[in-house]
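So you can see what is in the structure, the chains are spelled out below.
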Amino acid sequence: MKDIKVNVKDLSVFYGTNMALNKISMEIPEKKVTAFIGPSGCGKSTFLRTLNRMNDLIDNVRIEGEVWMDDIDIYHKDVDVVNLRKKVGMIFQKSNPFAKSIYENIAYGPKINGISQKQKLDEIVELSLKQAAIWDEVKDRLHDSALGLSGGQQQRICIARTLAVNPDIILMDEPASALDPISTAHVEALIHELKKYYTIIIVTHNMQQAARTSDLTAFFYLGELVEMDKTRTIFTNPAKKQTEDYISGRFG
Amino acid sequence: MKRTTKDIVVKSLTGMSVLLILFVIVAILTVTFIGGWSHLSWEFLTEFPKEGMTKGGIFPAVVGTAVMTLIMTLVAVPFGAITAIYLAEYASERSILAKTIRFAVKTLAVVPSIIFGLFGLGFFIKFVGFNADKLLFAGELHWGQPNILWASLTMALLTLPIVIVSVEESIRTVPREVREASLALGATKWQTIRQVVLPGSITGILTGTILAISRGAGEVAPILFTGAAYYLAELPTSLSDQFMSLGYHIYIMSTQSTNVDETLPIQFATTLVLLLLTFSLSLVAVVLRYRIRKKVK
Amino acid sequence: MVKKLKSKKDASVETVKPEPASSLLRKQFRFSDWLAERVIKTVAFLSITIVALIFIFVFRETLPIFSRHTASGSGEVQPSPAMTPESYSPETYSPESYSEAAAPVELKPEPYGVEPAAAADADTTKDAASTYRSHVSEQEPSPSSAVSTLLSKDWQPVSDNPRFGLLPLFFGTLKVTLIAILFAGPIAILAAIYTAMFAPNRIREFIKPAIELLAGFPSVVIGFFALMVLATFLQNLLGYSGRLNGFVGGIAMALAAIPVIYTLTEDALSAVPRTFTEASLGLGASLRQTAFQVVLPAATPGIFAALLLGIGRVFGETMIALMATGNAAVISLNPFDSVRTLSATIGAEMAEVVFGDTHYSVLFLIGSLLFIFTFSLNALAEFYFKNKLIRKFQGK
């Protein structure tokens, strides 16, 4: 019996009067990779961002429903959003390292959390970079600017940076869409390793990627959750016709 | 594409307008240079005026301008930078408060400089200074008159919008994704501003400071009756003293000097000093701003 | 071997607590964030406070005019800057602008409320700043009588019968502004058109900052240039008699207005979406036709705003006026006559005026009017024209 890490109940998101998500309900299991697929603009990124309340940053947004993680509804009014984001990390579509050294990028999170001893920070930096499978490539230039790295390397730095704060859940918003195939392969291999320890939720418009990397897949269309099941089932024997049409490329 | 005569004429006409403007810039620089270069020397900058302003140097004016500008900068830059942070990071574009603040900043930017002088007189001197004298000196006139402090504060108000605009522009060049990355790691808003946004906008703060200094050093109208003086025997020693200033010196000397033959070279040389100062500051600011804008592309 | 990170010193994220959820609840109060936000918002609010203070304190000093009592005239002389008034000998190069005013100005006794004879012209050609330095009003005029002279044609604040007619000052300001904009407007706009539409990219990147450098010239330097060089040049060119006059002042002001109008116009032209230009060129129009028939009309509200701001800049310009316009408060349609602008009046006379007396209050009144004018101009440019621009691009 898998543990459920995230339990979403009737979540709706409005931008002004515009409904972006319509009563989404789902259960996301722990330490598995769940993928969200669907055509552009169908709400999958919006939904992803509700899980770490990044949507709060938008001016005109209204959220209804509940998102339960570890026995609390993260939209409860007493929840501390800043702490939530330490627990739920995010990797963005376009890699966004800070204009600082590689070391400083990774150390940023722990420093914010109050860790200041150099030795401890060194440990965390090394461990995170190893987990992100990029330690060997950068260990001799930790104090060079992170912006000098290639796109694929930068994205792995961003992953290491997120790992450094020790989250439970990692959200990935099209993490490889801006990368070349080799870097993409690196990232996918990384996801496969990381899922042993973290719950991973990934948004992708690349169906093959979803099929390769995820355990569960959720198909979104026009702000609604159409179907969610084991990945193999979705891709070989979906229950809904809409899902099948999308998978087989009849629309997109 | 066939180019008709009309096309050529129009292109030339508009191009000539550009050349005309550039020509004027060069003309002013050249004329001032020719008139003043020969009189310029290290002594000129470091000596006091002598023999009724017909000989000697402009040292007190240089010092006065420098000190006034320094005080002005110390006040205007922090206030301006903080306001810029508000506008870029905390202001919701729809809130009335934010819109009012923006409008207030724009208003300050277009108010004629002489009005700042009137404000300096009516508020700093006649209200703050006057009441301070009542409290501290039992009514005896000490702060309630023109001095370098009031002139500097007046000038700070004038240059405030300049700082705000520059710093805000620079803050906005920090990409949204980088802010989001910081917040997604569990940093607070202020932590993000302090550790990610501000380090990325140092250039803009610098540009704003330089532009403010350039403007502050050159403006004369606000200090006409808030603290500038034409001839002082000594350098100002306290904030309640008056001061000499390059711009004011040029104005008085060129319009009310009695001995034209002797003072003309001094007038040109002083103008040259002021022009070189403000011009080089503007040049540095332009280059910096260019670099900021390039970052975005 | 990859292993999961264990950061035990992580202050906020739980690893060993029995109830994992408790730390996520309990909204944490972060002092430095709270403080930072408070301070930043307060400081930002200051800009509104400053504008309000300017309104209040500049208007405050005009109030005595409007009260029914006589002005205090407390005899507290405005501490003048330590400038020793020097005796005036005619400048060898500007004979008519500065008077030989060691002797008091001769004034004809005038009954109150009667328009002075045209012979008052003799007084008005003298620089007011110098005429009254050695002259103090015998009789402090009652403010109510001062108000009555505000609309008269005489600006003679220092005389036995002081008249505070603002009309010549308004007229002078308008004259200079008109001349300035007539020159600055077309030149700046044409230059902006070249920069935004015709110039190759490399040149554009050079021109725009170069012209913005002109904005960095202090107005006292431009005034000096006008006084020393421009005045003589123009006089030789056009052969009029008075060396410093409205025309010279206007041209000099144009130099100050050009960068303002240029930058804003260029911004307005560049803000027109590139796709308009591409569509027009794609239809076979020349760049010139595109510029004038597509881009320029689309940028019109922005260009109007630019002109407004240019006007505002000139209207309030003080130093150039003080140095280049001749400073005589006359009403004349001849552009080559000397003029006195509103801001120059304040600049020239405020340092010598007695605190609290009518003259002082009238100068503040002039300042208030200037402030209201530029404020309204700015509001007009901001709200009306920006809205027009936005609606235009939304297709309304």
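Conventions we followed
- Residues numbered from 1 in each chain as written.
- Chains lettered and ligands numbered in written order.
- Predicted model: local features only at pLDDT ≥ 70, side-chain atom pairs only at ≥ 80, totals over all residues.
- Heavy atoms only, no water.
- Helix = DSSP H or I, 4+ residues; strand = E, 2+ residues; numbered from the N terminus.
- Rg over C-alpha atoms; globule rule 2.2 N^0.38 Å.
- Buried < 20%, exposed > 50% of the residue type's maximum accessible area, 1.4 Å probe, protein only.
- Contact = heavy atoms within 4.5 Å.
- Pairing = 2+ DSSP bridges.
- Expected span 1.5 Å × (residues − 1).
- Polar contact = N/O pair within 3.5 Å; in protein donor to acceptor, adjacent residues only side chain to side chain.
- 1 Å grid on protein atoms, 1.4 Å probe; cavity = no way out; pocket = protein on both sides within 12 Å on 5 of 7 lines; lining within 4 Å.
- Points joined across faces, edges and corners; volume = space filled by probe spheres on them.
- Nonpolar A, V, L, I, M, F, W, Y, C, P; charged D, E, K, R; others polar.
- Salt bridge = Lys/Arg side-chain N within 4 Å of Asp/Glu carboxyl O.
- Axes fitted to C-alpha atoms, helices over the stretch in contact; angles between N-to-C directions.
- Buried area = accessible area lost by both parts, 1.4 Å probe.
- pLDDT = per-residue confidence, 0-100.
- Phe/Tyr/Trp six-rings, centres within 6.5 Å; stacked < 30°, edge-to-face > 60°.
- Lys NZ or Arg CZ within 6 Å of the ring centre and 35° of its normal.
- Patch = residues over 30% accessible without salt bridge, like charges linked within 9 Å, V, L, I, M, F, W, Y side chains within 5 Å.
- Areas by Shrake-Rupley, 256 points an atom, 1.4 Å probe, with all protein chains shown as cover.

### Quick look at the overall build of chain A
Looking only at helices and strands, one finds 10 helices and 10 strands in chain A. In terms of C-alpha radius of gyration, chain A reaches 18 Å, essentially the compact-globule figure of 18 Å for 252 residues. Counting only C-alpha atoms, chain A reaches 55 × 45 × 40 Å along its principal axes. Expressed as a percentage of its 252 residues, the buried residues of chain A come to 57%. For chain A, the share of sequence-separated contacts (at least 6 apart) that also reach a separation of at least 24 residues comes to 68%.

### Points about the sheet that holds strand β2 (residues 18-29) of chain A
Residues and elements named next belong to chain A. If you trace the 4 strands from one edge of the open sheet to the other, you get β2-β1-β4-β5, paired in antiparallel fashion. Each edge of the open sheet is held by one strand with a lone partner, namely β2 and β5 (72-73). Strand direction decides the pairing type here: strand β4 (residues 61-69) and β5, joined by 2 bridges, are antiparallel. Pairing of M69 across the sheet is with I72, part of β5.

### With respect to the environment of I37 of chain A
All names here are of chain A. Within the secondary structure, I37 is located in strand β3 (residues 33-37). Exposure remark for I37: the relative accessible area of 0% places this residue in the buried category. Not counting chain neighbours up to four residues away, the residues in contact with I37 comprise K44, T204, A210, T217, A218, F219, F220, F235, Y246 and I247.

### Some points on the environment of I58 of chain B
Residues and elements named next belong to chain B. On the secondary structure map, I58 appears in the loop between β2 (55-56) and α3 (59-90). Here I58 falls in the buried class, since its relative accessible area comes to 1%. Spatially, the C-alpha atoms of I58 and T46 are 6.9 Å apart, while their sequence positions differ by 12 residues. For I58, the contacting residues outside a window of four places in its chain are F44, L45, E47, L246, H249, T270 and V273.

### A few points about helix α9 (residues 246-271) of chain C
Taking 1.5 Å of rise per residue, the 26 residues of α9 of chain C would be expected to cover 38 Å, and the 36 Å separating its terminal C-alpha atoms lies within 8% of that figure. The N-cap residue of α9 of chain C is N245 of chain C: its side-chain oxygen and the backbone nitrogen of F247 of chain C are 2.9 Å apart.

### Some words on the layout of surface pockets
In this model, the second largest pocket occupies a volume close to 1500 Å³. D56 and L57 of chain A together with E89, L183 and K189 of chain B are, among the 40 residues lining the second largest pocket, the residues nearest its centre. Among the elements of the structure, α1 (44-50) and α2 (81-87) of chain A, α3, α7 (176-184) and α8 (189-200) of chain B together with α1 (31-60) of chain C are those that each provide at least two residues to the lining of the second largest pocket. Top contributing element to the lining of the second largest pocket by residue count: α7 of chain B, with 5 residues. A class-by-class count of the residues in the lining of the second largest pocket yields 13 nonpolar, 6 polar and 21 charged.

### Some points on the pattern of salt bridges
Side chains that carry opposite charge are capable of pairing whenever their charged atoms lie near each other. In this structure the tally under the stated criterion is 40 salt bridges over all chains. A salt bridge links E180 of chain B to R176 of chain B; the shortest N-O distance between them is 3.1 Å. Taken as a pair, E180 of chain B and R176 of chain B lie in helix α7 at a separation of 4 residues, close to a single helical turn. The salt bridge partner of D154 of chain C is R163 of chain C, with a shortest N-O separation of 3.5 Å.

### Quick notes on the sheet that holds β3 of chain A
All names here are of chain A. Spatial ordering of the open sheet is given by β6-β7-β8-β3-β9-β10, a layout of 6 strands whose pairing is mixed. The open sheet is flanked by β6 (88-91) and β10 (224-230), the only strands paired with a single partner. Each neighbouring strand pair of the sheet contributes to a mean axis angle of 20 degrees, computed without reference to strand direction. Along the sheet, helix α6 (residues 151-163) contacts β6 and β7 (169-173); its crossing angle with β6, the most-contacted strand, is approximately 175 degrees.

### Overview of α7 of chain B
Residues and elements named next belong to chain B. Burial runs high along α7: 7 of the 9 residues are buried. Within the sequence span of α7, burial applies to V178, R179, E180, A181, S182, L183 and A184. Positive backbone phi, at 95 degrees, marks G186, one or two positions downstream of α7.

### Some words on the interface of chain B and chain C
With 94 residues of chain B in contact, the opposing surface of chain C contributes 92 residues. A buried area of about 8200 Å², summed over both sides, lies between chain B and chain C, and 78% of it is on carbon and sulfur atoms. Taken together, the links from chain B to chain C amount to 2 salt bridges. Taken together, the connections running from chain B to chain C amount to 6 residue pairs in polar contact (both at pLDDT 80 or more). At 18 residues, helix α1 (residues 5-36) of chain B tops the list of elements feeding residues into the side of chain B that touches chain C. For the side of chain B that touches chain C, the per-class residue count stands at 62 nonpolar, 24 polar and 8 charged.

### A word on the confidence of the model for chain C
Residue and element names in this part refer to chain C. Here chain C shows a mean pLDDT of 76. Residues at 70 or above account for 74%. Within chain C, helix α3 (residues 121-124) has the poorest average pLDDT of any element, 38, and helix α12 (residues 319-324) the best, 94. Confidence drops under pLDDT 50 across residues 1-20; counting only partners more than four residues distant or on other chains, this segment forms 41 contacts. Under a pLDDT of 50 for its full length, residues 68-139 has, in the predicted model, 129 contacts with residues more than four places off or in other chains. Interface confidence in the predicted complex, given as ipTM, is 0.91; pTM for the same model is 0.83.

### Here we look at the side chain of N52 of chain A
With respect to the secondary-structure elements, N52 of chain A resides in the loop between α1 and β4. Every residue in contact with N52 of chain A, bar those within four places of it in the chain, is listed here: L84, R85, V88, M90 and L171 of chain A together with A184 of chain B.

### Things to note about the pairing of strand β9 (residues 216-221) of chain A
Residues and elements named next belong to chain A. In terms of residue burial, β9 counts as a mostly covered element, since 5 of its 6 residues are buried. With 4 bridges connecting them, β3 and β9 associate as parallel partners. Bridge pairing links T34 to L216 in β9. Across 6 bridges, β9 lies against β10 in antiparallel orientation. By the bridge assignment for β10, A218 is matched with M228. Taken together, β9 and the strand that follows it, β10, pair antiparallel across an intervening segment of 2 residues, in which L222 is found at a positive phi of about 50 degrees.

### Some remarks on the packing of aromatic side chains
Inspection of the entire model under this criterion finds 34 aromatic pairs over all chains. Judged by centre distance (5.8 Å) and plane angle (70 degrees), the ring pair of F119 of chain B and F124 of chain B falls under edge-to-face. Grouping residues by exposure puts F119 of chain B and F124 of chain B together as buried. Plain terms: the ring middles of Y248 of chain B and Y251 of chain B are 6.4 Å apart, the flat faces sit at 55 degrees to each other, and that makes the pair tilted. Separated by 3 residues within a single helix, Y248 of chain B and Y251 of chain B lie in helix α10 (residues 246-256), roughly one turn from each other. Taken individually, Y248 of chain B and Y251 of chain B each receive the classification buried, so the pair is uniform in this respect. A cation over an aromatic ring shows up here: R62 of chain A above the ring of F14 of chain A, its NZ or CZ 4.2 Å from the ring centre. One Lys or Arg, K189 of chain B, reaches over the ring of Y90 of chain B and ends 4.8 Å from the middle of that ring.

### Some words on a nonpolar patch on the surface
Residue and element names in this part refer to chain C. A grouping of F29, F31, W34, L35 and V39 is seen on the molecular surface, where their side chains present a nonpolar patch of about 500 Å² in accessible area. Its place among the elements puts V39 in helix α1. Residue classification places V39 among the partly exposed positions, given a relative accessible area of 39%.

### Regarding the environment of L365 of chain C
All names here are of chain C. Relative to the helices and strands, L365 resides in helix α14 (residues 358-393). Along the primary structure L365 and L287 are separated by 78 residues, whereas in three dimensions their C-alpha atoms are 50 Å apart. Beyond its immediate sequence surroundings of up to four residues, L365 is in contact with T62, I65, F66, L150 and L166.

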